[in-house]
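Each chain, letter by letter, is given below.
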Amino acid sequence: MDSALTRSQFARWRAAIFAIFFASGLSIATWASRVPSIKADLALDNAQVGLILLGMGVASIIGISTSPAVMARTGARRGMLLTTLLFALGITLVGLGSTVFASVPIVLIGMALFGFGNGSLDVMMNVEATAIEQQMGKTILPVFHAFFSFGTVIGAGLGALAALLSLTVAVHASIMGALIAVLAFACFSQVPSRQAALDPEPSEKPHWRERMHVALEAWREPRTYLIGVVMLGMAFAEGGANDWIALGTEQGHGFTTGTGAVALAIFSVGMTVVRLFGGPLVDRFGRVAVLRILAVAAASGILLFILAPNLPLVLVGAALWGIGASLGFPLGMSAAADDPAKAAARVSAAATIGYVAFLGGPPVLGFISEHIGLLNTLFILVALVVASGLFSGAARPLREDEKTPVTTS
């Protein structure tokens, strides 16, 4: 543990980051669970939904790209507070634009704010979580991602309940936006007011331009891209599920309204359970073996979801899909952080690759689905998950002689 923090301060820092992951998952599931209602309110087709998702994806990529600069300027605590409030405002605008104003431009503005805030926050919270993992000396990053999944489970469940009660998207989204804002103010004061993840010695902190230069160096390392392939396939699978599993269940298979939110919730439960117990599994069997087994589970689950003739089998497919996609992203982050001297830069680079797939993939799927159908489009996810499994050897832990010495300048 960092000597600058007491045990109590460290525990509060860790709890705050858990809550941040939860809030991010909650916000994404709020949007994802109401996609069918938003589509109906605005009379959109799949391509138009894909366009809205593309706007969110572009904004998210901008947020991801500028996140290191934001952290360098504001610090993690203020940066995460501001970005969380931004996507809370965004999700509220999405609801108002859908139901109150019936305006696609307002929804697009809301999704842009939502995407930028979530994208920027995602990098910050993963860098902070990686720093906590290194200080604890054991694999706990999957547990942080489990809290993200736990947020999606709660969010999907609330979305299903809102749809069942015929609650408008505006009311639902406004309540969730306010809840996330309150959670932000309650938790972010517990994050240390220093660059805990980026600067081991705050008194000798390098200039922010130097930190940006170090971050860019990670993009010239082949291992970054190999880990990126592992993360890309699983991030595509996770993002595709979050944005399209509800429509795939209700419109692709033709099941009743509300079953899409149930499928999303089951997918999220599968992810959450594995992430909660992922650390001990990885410590016992190793990253590579776990990633390969889960790739098989994810590919099998997506295929079952596509081909199943009835709702129970579709839900089983959703569960396997969530189980298989659960650890690709957090284990990719852990692999990127193997070298403490370059952990922050490599985590940021790996996060960028993963989130480009997570956020940019679903809009692409939307456009393709207009030509070949939504369920047929999901076969693309199967191919990407298989590629992720094949490249999982890149997540092998670095040997000591492959690491660089930690410096304080």
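Just so you know, these numbers come straight off a predicted model, no measurement behind them.

**With respect to the overall build of the protein**
Part 1: Scanning the protein for helices and strands turns up 15 helices and 0 strands.
Part 2: Within the protein, the proportion of its 409 residues that are buried is 58%.
Part 3: Restricting to contacts in the protein with at least 6 residues of sequence separation, those with at least 24 account for 83%.
Part 4: Total accessible area computed for the protein in this model is approximately 15,500 Å², and 68% of it derives from carbon and sulfur atoms.

**Quick word on unusual backbone geometry**
Part 1: Phi is positive for Ala43, which is not a glycine, with a value near 55 degrees.
Part 2: In this structure, Ala43 sits in the loop between helix 2 (35-42) and helix 3 (46-100).
Part 3: On the basis of relative accessibility, which here comes to 65%, the residue Ala43 falls in the exposed class.
Part 4: Of note, the phi angle at Ser166 is positive, near 60 degrees, even though the residue is not glycine.
Part 5: With respect to the secondary-structure elements, Ser166 resides in the loop between helix 5 (141-164) and helix 6 (169-187).

**Let's talk about helix 6**
Part 1: Taking 1.5 Å per residue as the helical rise, helix 6 with its 19 residues ought to reach 27 Å, and the 27 Å between its terminal C-alpha atoms agrees with that figure.
Part 2: Turning to helix 6, its buried residues are Val169, Ala170, His172, Ala173, Met176, Gly177, Ile180, Ala181, Ala184 and Cys187. Seen along its axis, helix 6 keeps its buried residues to an arc of 160 degrees; they face one direction. In helix 6, those exposed residues whose orientation departs by more than 90 degrees from the buried face are Val182, Phe185 and Ala186.
Part 3: Turning to helix 6, the residues buried within the fold contact helix 1 (7-33), helix 2, helix 3 and helix 5.

**Focus: the nonpolar core**
Part 1: One finds Ile17, Trp31, Met80, Phe144, Ile245, Ile302 and Trp321 to be the most contacted residues of the largest nonpolar core, which totals 109 residues.
Part 2: Here this core takes 13 residues from helix 1, the largest share from any one element.
Part 3: Setting aside its immediate chain neighbours within four residues, Trp321 contacts Ala237, Ala241, Ile245, Phe267, Ala298, Gly301, Ile302, Phe305, Leu378 and Leu381.

**Observations concerning helix 11 (residues 311-324)**
Part 1: In a regular helix each residue adds 1.5 Å, so 14 residues correspond to 20 Å; helix 11 covers 20 Å between its end C-alpha atoms and thus fits that length.
Part 2: Within helix 11, burial applies to Val314, Leu315, Gly317, Ala318, Trp321, Gly322 and Gly324.
Part 3: Close packing links the buried residues of helix 11 with helix 8 (222-252), helix 9 (259-285), helix 10 (287-307) and helix 15 (379-390).

Cut-offs and rules
Residues numbered from 1 in each chain as written. Predicted model: local features only at pLDDT ≥ 70, side-chain atom pairs only at ≥ 80, totals over all residues. Heavy atoms only, no water. Helix = DSSP H or I, 4+ residues; strand = E, 2+ residues; numbered from the N terminus. Buried < 20%, exposed > 50% of the residue type's maximum accessible area, 1.4 Å probe, protein only. Contact = heavy atoms within 4.5 Å. Areas by Shrake-Rupley, 256 points an atom, 1.4 Å probe, with all protein chains shown as cover. Expected span 1.5 Å × (residues − 1). Arc of directions from axis to C-beta. Core = buried A, V, L, I, M, F, W, Y, C linked by side-chain atoms within 4.5 Å.

None of the figures reported here should be taken as evidence of function without further support.
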